[in-house]
Amino acid sequence: MRIAEISSPDRRHSLNEPHSHLLSQIESSIKDLERHSPESHFLEPLLTDLRLSLTQLTSLSPFPNSVKLQVWKLSYRLWNSCVDLANAAAVRTSSSAKFTEQHANLRQISADLLFLANDVVGVPSPAFKSASFFYKTGLIWHDLNKFDLANNCFEKATDLTARIDVASVTDNEERKLLLGLNIARSRSAWEVSDRNLAITLLNRAKTVLFGCAETYKALANQYLAFGKIALSSNESCGVNEGLKLMNEALDLCEKGLRIAKRQDETLALKNMRSKTLRFIAASHLQRDEFESVLKCVKVLREISSGGGDDHPSLSVLAMKAWLGLGRFGEAEKELKGMVVNKGVPEGVWVSAVESYFQAAGVAGAETAKGVFLGLLGRCHVSAGAAIRVVRRVVGDGVTVEGSRVRAKVVAEVVSDERVVALFVGEEAVKERTTMHAVLWNCAADHFRSKDYETSAEMFEKSMLYVPYNIESRVLRAKGFRVLCLCHLGLSQLDQAQEYITEAEKLEPNIASAFLKFKINLQKNDCDGAITQVQAMTTCLDFTPDFLSLSAHEAIACRALRVAVSSLSNLLNFYSSGKPMPTTEVMVLRTLITILGQDSGNESETLLYMKRSHKRLSELGPDFFFGKGEVGRRERDWLAVNSWNTGTRVGKEEKYGLCADFFRLASDFYGVVVDGEVQGNNVMVCKSLILTVSAMIADEKQRKATLLDKEVKQAIELLDRAGKILTTISVGSQAEGDEITNIDPNFLFIYTLNAYDMHTRLNETGSQELLLVKQFAASKSCSPNYLLQLGLHASQGPRSNPEVATFALNTCLSALLASQSPDYQCVALTIRKLIAVCAIHKGDTDDDVVYGMYKQAYRIMVGLKAGDYPLEEGKWLAMTAWNRAALPVRLGQVEAARKWMSIGLDLAGKVPGMDTYKSCMEDFLDGFEKKSHGNGNV
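What counts and how
- Residues numbered from 1 in each chain as written.
- Predicted model: local features only at pLDDT ≥ 70, side-chain atom pairs only at ≥ 80, totals over all residues.
- Heavy atoms only, no water.
- Phe/Tyr/Trp six-rings, centres within 6.5 Å; stacked < 30°, edge-to-face > 60°.
- Helix = DSSP H or I, 4+ residues; strand = E, 2+ residues; numbered from the N terminus.
- Buried < 20%, exposed > 50% of the residue type's maximum accessible area, 1.4 Å probe, protein only.
- Lys NZ or Arg CZ within 6 Å of the ring centre and 35° of its normal.
- Salt bridge = Lys/Arg side-chain N within 4 Å of Asp/Glu carboxyl O.
- Core = buried A, V, L, I, M, F, W, Y, C linked by side-chain atoms within 4.5 Å.
- Contact = heavy atoms within 4.5 Å.
- pLDDT = per-residue confidence, 0-100.

Peer 1: Can you walk me through the packing of aromatic side chains in this structure?
Peer 2: Two descriptors summarise a pair of aromatic rings, namely the distance from one centre to the other and the angle between the planes of the rings. Summed over the entire model, instances satisfying the criterion amount to 21 aromatic pairs. When the ring of W72 is compared with that of Y76, the centres are 5.9 Å apart and the planes differ by 25°; the resulting orientation is stacked. In this pair, W72 and Y76 both sit in helix 3 (residues 65-92), four residues apart, roughly one turn of the helix. In this pair, the class of W72 matches that of Y76, namely buried. Centre to centre, the rings of F115 and F134 are 5.8 Å apart; their planes meet at 75°, and the pair counts as edge-to-face. Placement of the pair is F115 in helix 4 (residues 97-115) and F134 in helix 5 (residues 126-143), with a sequence separation of 19 residues. Grouped by ring-pair contacts, the aromatic residues W72, Y76, W79 and F133 constitute a single cluster. Taking NZ or CZ as reference, K156 lies 6.0 Å from the ring centre of F115, over its face. Lying across the ring of W875, R831 places its NZ or CZ 4.5 Å from the centre.

Peer 1: Sorry, what's going on with the pattern of salt bridges here?
Peer 2: Between side chains of opposite charge, pairing is possible as soon as their charged atoms come close. A complete count under the given rule lists 35 salt bridges for this structure. With a closest N to O distance of 3.2 Å, R418 and D416 form a salt bridge. Classification of D416 as buried rests on a relative accessible area of 18%. Note that R831 is salt-bridged to E872, the shortest N-O span being 3.1 Å.

Peer 1: Help me understand the nonpolar core, please; the structure alone is not making it clear to me.
Peer 2: When a protein is soluble and globular, its nonpolar side chains tend to lie buried together. Membership of the largest hydrophobic core comes to 142 residues, with the highest contact counts inside it found for L57 and L106. When residues of this core are assigned to their parent elements, the largest contribution, 12 residues, is made by helix 3. Residue contacts for L57: discarding those within four places in its chain leaves H19, L22, L23, I26, F63, V71, L113 and L116. Of all hydrophobic cores here, the second largest spans 132 residues; its members include M536, L567, F662 and I902.

Peer 1: Even after reading the chapter, I still don't get the environment of R107, so can you show me in this structure?
Peer 2: Inspection of the secondary structure puts R107 in helix 4. Relative accessible area serves as the criterion here: at 10%, R107 is assigned to the buried category. C-alpha separation for the pair R107 and I140, spaced 33 residues apart in sequence, amounts to 8.9 Å. The residues touching R107, leaving out its near neighbours within four places in the chain, are W79, C82, V83, A86, T137 and I140.

Peer 1: What exactly am I supposed to notice about unusual backbone geometry here?
Peer 2: Peptide bonds are, in most cases, trans, and in most cases residues other than glycine have a negative phi. The backbone of N145 sits at a positive phi, close to 65°, despite the residue not being glycine. Topologically, N145 is positioned in the loop between helix 5 and helix 6 (147-162). N145 gets classed as exposed once you look at its relative accessible area, which sits at 53%. Phi is positive for S193, close to 70°, though the residue is something other than glycine. Tracing the sequence through the fold places S193 in the loop between helix 7 (172-191) and helix 8 (195-205).

Peer 1: Before we go on, may I ask you to explain the confidence of the model for the protein chain in this structure?
Peer 2: When pLDDT drops low, the exact placement of atoms in the prediction is not to be read closely. Looking at the protein chain, pLDDT values average 82 and 87% of them are 70 or higher. Confidence scores differ between elements of the protein chain, with helix 16 (residues 365-379) showing the lowest mean pLDDT of 62 and helix 32 (residues 655-669) the highest of 94. Across residues 1-15 the pLDDT falls below 50, and counting only partners more than four positions away or on other chains, this stretch makes 24 contacts in the model. Within the model, the stretch residues 734-740 combines pLDDT values under 50 with six contacts to residues more than four positions away or in other chains.

The structure is reproduced here in C-alpha cells:
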C-alpha cells in the first residue's frame, strides 16, 4: 500500500547550492527507479548512487526547513516506488532473494532519508512517520533473517518515539505502532537467543495497551508464540519457561475480556484463551503432570456456555493423561468417545489410537489390536483411512521403544481379511500402492536396525498388497529378493535360496545373481561362488560395480580365493575404456594385498605386479597412478610392496622371485609422477643392486651358470646403478658432503657384483681393476670390504691376481694406518698376499714374496706378545724357513741364507717357538760352516 505524498512546499524558495545538487541527484535516481521495469531485478547501480548521495547529504546537516521539506517529499517518493516494485513482485510470485534484499536496502535508504528531516516544521507527527518507516523496514529485514539490521531499524524507531508522552497519543495507528515496535524488537531479540531482552520488551509492551481489546489479543498472541517455541524444545527449563509465557498470555486474555465491548472482540479473546489453555495442558502433559492436564481439560469443557469446548485435541489430551496415570479404562472411554463423536477429525483419533498402542505395551498388544479392529468395523473406514491408521501406528522409525510390538500389531491388522478387502479392485490401485509402500518402508526400517525377523514378517505382509498379474512381476520379484536378504541375515540359507530362486523366475537380473553369490559365500562354497561370479558378467544389466561389491563380500567372509577371482574379472573391463567404479591401480593394489595375506602366493603376486608395470607403460604415470599426491602414494605403495616382498622371498631363499620383485621395485621407484623432477634414485639404485645379487644367489642355488644374455642384462642393470651412484656422488661432493643416502654395504655389493659380472665376459680385466680402484677411492670403502674383494678376486676359476693384489695391498695399508689395527685381519691379508704372489708369480718374482715376509716382520717388531695372532706368526716363520729348502738343495747359498734368516727372525717374534728357533740356529750355523768350507760366502 502506497504512503500518501505530502504537499510540497513552494518550489520558488531557492535551495542552497550543495543541497540542490545532491537533492537533484537523489531525485534523478528516484525517477530512474520509477521508470525501472518490474521484470528487471538489477537495482545495484541505483542503490550505489542513492547511498552515495545520502552519505554526502548527511554530512551537510542540519538543514533549513525548506530543504527538510524537499527531503521529506523525496523520501516518500522513494518509498512509494518501493511499494510499486513490491506489488509487481508479488504479482509475479517469483522474485529472487537478491531482489528482495535490494528492495529492503531501498526501503532502508528511504527511512534514513526521512530521518534527516524528522523534525521538519509543517508536517503533522513527523517523528511517528519516520518511526513508521523504520518499523516497516525492520519487519522486511526480519523476514530476510537479517536480525541485526532489523534490530537497528527498530531501535531507531524506538528512539524517535521515546521523546513522545505515551499518554498524549490518541491516534489508533500511532498506538499500534508503539505496541508493534515493542513486539517486533522482542521477536528480533528472541531470534538471536537474547530471551531475557525479549521477555523484558514484551513486559514493557504492557504499558502501551491503551485499554484496547485488540492490543491485548496481539500481545497475548506473541506471549503464546514464544511459549509454543519454548515448549517445543523438550527441555525441562524450556517447558517451565513456556508455561510461564502461556500463563502471561492467559492473563492478558482475561484482562482483555473485561474491557472488550464488541462481540467479535470477545469471541476472538475467548478463542485465544481456549487455545492458550490447550497449550498449557500440553505443557503439563510434557512434564508428566497428568492431574493438571485433566484439570485444564475440565475447565475447557466447562467455560463455554454452549456445552463446553469440544475441540478435538481435548479428548487426545485427556486420553494421554489417563494413559500416563495408568488408568486404561478411562483412556479407552476417551478413545471410543472420539470415534462416536463425528466432529472429531479422522486424523485426530488416528493419532489417539497410535498413542494408545504405544502406551499399551506388550501386555496390551492384543487389546490394542481388538480396539483398532473394532473401530475399523464401527466406523466403516475407507482404504485411505486405514492407510493413515497404519502409518500412524507404524510411526516414523523403528528406533522408538516398543517398535517391534507395534510392527507385530500392524502385521496382524493388515493381514486381516476385512482390511485386505478394502484394497481389492481397480478403484483402489493408488491406495493399494500406498499401503504396500508403508509396509515396505516399515520393513526396511527394521532391516536397517538389523531386526531381520520383524523385517521379514513385514515384507511378507507387504506382498499381500501386490496383485498377481504381469504388471506386478517386477515388484513381486523385488519382494522375494528382500525376503532373501532377511533370511540371509537370519542365516536361514535354505529359505533364502528358495526366495531367490522364485525371484529369478520372475525377473532374472544381476541383483538375483549377486544374491545367489552371497548365499554360496555363506555356505562356504567357494567354487560355486566363483562360478556365480562368471554368471554375473553374462547378465544383461551387469555393471562392473557388482564385481567390486563381490570382492568386498568375499573379503568379509575371508574367502580370499573368491575375492581374487572377482577382482581378476574386474580387471578385464579396464581395457574397454568404459567408466569404472574405482581406479585400476586400486584394484591391483587390493589384489596384491589379498594375495599377500597368505604365504605361497608370491608367484601370483608377481603376476599382478607385472600387470601393474605393463599397464603403467601403456597408460603413463598420470593416467595409471593419478596426479599429485594421490599418484605419488599409489606409486610408492607398489614400489614399497615390491621391495618388501622381494626382501621376504629373499630371506626365504626364493632368489628367482626375489630378483623379479627387486627389478619391478627399481622400475616403480624410478617413475616420475606429476609435479616431481625425478624418481627415488636412491631406492632405484638399491633395487638394481639387489636384483643382480638375487640373480647370482639363484645361480648358485640352482647350481647352474647364467647365460650370456642374463649376464649382459645384469651388467646393464649395474650400469644403471653405477650412473645413479655417480650422479649422487657428484651432487654430494658439490655440497661438500658424503653419499649419506646410500648404505656403504650397497656400494660394496655393487662393486662385488659388477666385478663378478665383468669377469664372465672374458675381458682383459681392466674394467674389474677400475671398479675396485673406484670403490677403494670412495669414502664408503673400509678395510673389511677390501679384504673381501681381495679374497673374492683370488679364488675361483675367474680369479684376477692383479685385482686381488691391489685390493689386499690397499686393505693392508688401510689396516696399518688405523690407530688400533686389527692384527687378525692384517695377518690374514698378509697370508693371502703371499699366497697370491706365490701362486700367480711363482719363483719369477721371489723378491716380492720375500718383501711380504719382511713387511710382516717389521709389523711384528715392537708388538706385545699375543698382539699378532700366534698361529699366523708360526705360519710365517715356518713357511719362510721352508722356502729355503729348494735353494739349499740347488746350492743357492744366498737365497737359502735369505729365507732362513727371515724365518729365524720371524720365529724370534713368536712366543712358544724357542725350540724351533734353537734348531733353526743350529742348522743355520752348520749351513754357514759348510758353505765356508766349500768356499761359498
